[in-house]
Amino acid sequence: MLEFDRASKRFGSVLALDACTFTAQPGRLTGFLGQNGAGKTTAMRAVFGLVELDAGTVRWRGAPIGMPERSRFGYMPEERGLYPRMRVRDQLLYLARLCGRNGTEVGRSIDQWLERLGLADRQNDRVDALSHGNQQRVQLIAALVNEPDLLVLDEPFSGLDPLAVANMSALLAEIAAAGGTVLFSSHQLDLVEDTCEDVVIIHQGHVVIAGDLAELRAAVPQRFVDVRFRGTPPDWSAIPSVEVLETDDEHARLRVGPDVDLAGIVDAARSAVDLISFTYEPPTLSEVFREAVAA
Ligand SMILES: Nc1ncnc2c1ncn2[C@@H]1O[C@H](COP(=O)(O)OP(=O)(O)OP(=O)(O)O)[C@@H](O)[C@H]1O
Ligand SMILES: [Mg+2]
């Protein structure tokens, strides 16, 4: 388990981390969310000693983190640290050597990852000849070659095409399923909602929400009703305990209180329109996020 315990860091007048406390658990994908400048990168850098905390600690398996632990971690930094003119495979061998890994075993591991991520035929190309998404894959391989226990990825999905996003999220899920601890930051809340078991929401350096995503969603007392229809809709706002969030000619999204009469909504809808679908759900991660950050 990776554990942030009241980690604080100030840069001049900016409190980048403010008693930041959360955990990332083995066997689970943890999504790290927050607005621009919230402190995600600072927190991730602290795991690798690239930011020196003013107070608090980051622990791995209950102990402070030193070089031996870090050599078993994989990191994809926000500023992608590849050498543009080096060839892909040479680059990966070089980065593995920097982490103290040598020999044929590393070469084999690199070849397997190149194959898996569809880069085998680009291994002798210069890094700067690759597209953004392919450079990102190389950076991911660099984080994976030492078969890390902990993977920390700073916005690994940014700029990837939809197929590449699906491949990368499947790969991360596989690593977590094999017992790895995976923490990644992202602004793509739909993606995090689909892939992560746990989420951490940081706001102005302080964690405002953390835990099991399904439990967090279920714990919000409000529910959301989506109605799809054909015809003239009723006046949704006249129904008690209903707040209209969005409405157009074919769809309405309503926020309803815990005491709402659902049958009443269905009846009102059916008397006015052809009902196509009706769903009643906890808030989406986006809604949880907006509430948490606005509060
Ligand atoms: N080396 C630094 N010197 C001065 N200020 C810094 C430094 N690193 C980060 N900060 C400040 O700390 C705050 C947190 O920044 P950080 O990069 O951790 O945010 P983030 O959550 O990763 O944002 P983004 O989503 O934009 O990547 C910001 O106000 C940033 O300007
Ligand atoms: Mg960042």
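Residues numbered from 1 in each chain as written. Chains lettered and ligands numbered in written order. Predicted model: local features only at pLDDT ≥ 70, side-chain atom pairs only at ≥ 80, totals over all residues.

1. Description of the overall build of the protein
We count it as follows: Per the convention used, a helix needs a DSSP run of H or I reaching at least four residues, while a strand needs a run of E reaching at least two, with both numbered from the N terminus. Working definition of burial: number of other C-beta atoms within 10 Å of the residue's own, with buried at 20 or more, exposed at 12 or fewer, and partly exposed in between, all C-beta atoms being placed from the backbone. Throughout, a residue-residue contact means that the two C-beta atoms, derived from backbone geometry, are no farther apart than 7 Å.
The number of helices and strands found in the protein is ten helices and 14 strands. A principal-axis box enclosing the C-alpha atoms of the protein has dimensions of 75 × 45 × 35 Å. For the protein, with 295 residues in total, the buried portion stands at 35%. Taking the contacts inside the protein whose residues are at least 6 apart along the sequence as the reference set, 70% of them involve residues at least 24 apart.

2. Some words on the domain arrangement of the protein
Rules: All domain edges in this entry derive from an automatic or database-based domain assignment. Only Asp, Glu, Lys and Arg are considered charged, only Ala, Val, Leu, Ile, Met, Phe, Trp, Tyr, Cys and Pro nonpolar, and every remaining residue, Gly among them, polar.
With domains assigned, the protein is organised as domain 1 (2-217) and domain 2 (221-294). Put simply, the middle of domain 1 and the middle of domain 2, counted by C-alpha atoms, are 38 Å apart. Only helix H7 (189-195), strand S9 (198-203), strand S10 (206-212) and helix H8 (213-219) provide two or more residues apiece to the side of domain 1 that touches domain 2. Class assignment for the residues of the side of domain 1 that touches domain 2 results in nine nonpolar, two polar and two charged.

3. Digging into the sheet that holds strand S13 (residues 251-256)
Formally: When DSSP finds at least two bridges between two strands, those strands are taken to pair. Whenever a helix is involved, its axis is fitted only over the stretch in contact; in every case the axis is a line through C-alpha atoms, and angles between N-to-C directions fall within 0 to 180 degrees.
Taken in spatial order, the four strands of this open sheet run S12-S13-S11-S14, and their pairing is antiparallel. Single-partner strands in this sheet number two, and they are strand S12 (242-247) and strand S14 (274-281). The average undirected angle you get between the axes of adjacent strands in this sheet is 20°. For strand S11 (residues 223-230) and S13, the ladder comprises six bridges, and the chain directions are antiparallel.

4. Looking at the site of ligand 1
This is how it is decided: Here, nearness is defined through the C-beta atom: a residue counts as near a molecule or strand if that backbone-placed atom lies within 6 Å of it.
Surveying the vicinity of ligand 1 reveals the residues Phe11, Val14, Ala16, Gly34, Asn36, Gly37, Ala38, Gly39, Lys40, Thr41 and Thr42. Of all the secondary-structure elements, those providing two or more residues to the shell around ligand 1 are strand S2 (14-24) and helix H1 (40-47). When residues in the shell around ligand 1 are grouped by element, the largest group, three residues, is from H1. The class makeup of the residues in the shell around ligand 1 is four nonpolar, six polar and one charged.

5. Regarding the pairing of S2
Sheet topology places strand S1 (residues 2-11) next to S2; seven bridges connect them, and they run antiparallel. Bridge assignment links Arg10 to a residue of S2, and that residue is Leu15. The antiparallel hairpin formed by S1 and S2 contains two residues in its connecting segment, where Gly12 sits at a positive phi of about 60°.

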